[in-house]
Structure formats: C-alpha cells, structure tokens
Amino acid sequence: MNRFVVYIIASIACLILPILGVMYGIWDSNQSKTGPVGDGNANPTIFQLIPSFTIFLLGIINLPMAIIRYKKNKESKSKEN
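Residues numbered from 1 in each chain as written. Predicted model: local features only at pLDDT ≥ 70, side-chain atom pairs only at ≥ 80, totals over all residues. Heavy atoms only, no water.

**Digging into the overall build of the chain**
On a plain count of helices and strands, the chain comes out with two helices and zero strands. Taken over C-alpha atoms, the radius of gyration comes to 19 Å for the chain, far larger than the 12 Å a tight globule of 81 residues would show. Counting only C-alpha atoms, the chain reaches 70 × 20 × 15 Å along its principal axes. Buried residues in the chain amount to 14% of all 81 residues. (Helix = DSSP H or I, 4+ residues; strand = E, 2+ residues; numbered from the N terminus. Rg over C-alpha atoms; globule rule 2.2 N^0.38 Å. Buried < 20%, exposed > 50% of the residue type's maximum accessible area, 1.4 Å probe, protein only.)

**Details of helix α2 (residues 46-80)**
Between the first and last C-alpha of α2 there are 51 Å, a value that for 35 residues agrees with the 51 Å anticipated at 1.5 Å per step. By the largest-angle criterion, Asn62 marks the main kink of α2, which is about 30°, and a proline, Pro64, follows within four residues. The secondary structure elements touched by the buried residues of α2 are α1 (3-29). (Expected span 1.5 Å × (residues − 1). Bend = angle between axes of the 7 residues up to and from the residue. Contact = heavy atoms within 4.5 Å.)

**Digging into α1**
When the terminal C-alpha atoms of α1 are compared, their 38 Å separation across 27 residues agrees well with the 39 Å that a helix rising 1.5 Å per residue should span. Of all the residues in α1, the buried ones are Phe4, Ile8, Ser11, Leu15, Pro18 and Ser29. As for α1, its buried residues are in contact with α2.

Have a look at this one:
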C-alpha cells in the first residue's frame, strides 16, 4: 500500500468519522438521564460542531485530490514500464 492509497483512506475517514461522532452526540443527548446529571435535552451547540464540520469539509476537499494524484501516479508508473 503506497502513500496515495493511505491518502484516499484518510480522506474517507475524514468523511465518515465526523458523521458518526455527530450521530453519537445527538443519540447521547436524547438519552434520559436522572439524578444530578439532569434530564434535559442538551443538543450539541454550534461551537461543539465546528470541529466536526471542519474535518468533514477537509475530507470533501481532499478526496478528489487524492483520487487525481493516485490516477496520475498509476499512469506515470505504467508509462515507465
């Protein structure tokens, strides 16, 4: 596995992990809590979601670039042989 494949895998992870994190945060905020923790529904705030959205945007931007670099590398290797 070369660095271009790792780049693609990292871009896909940047797309999937924030979605899973936000879904878990929403699920956890909707669970009933009793005792000193409280039973209110505290959804994630905008400031808590900014890192997730930023990572998601980086994944969207980097995935096409990673695929283009992988294709160029594959073409250059086939021309060398």
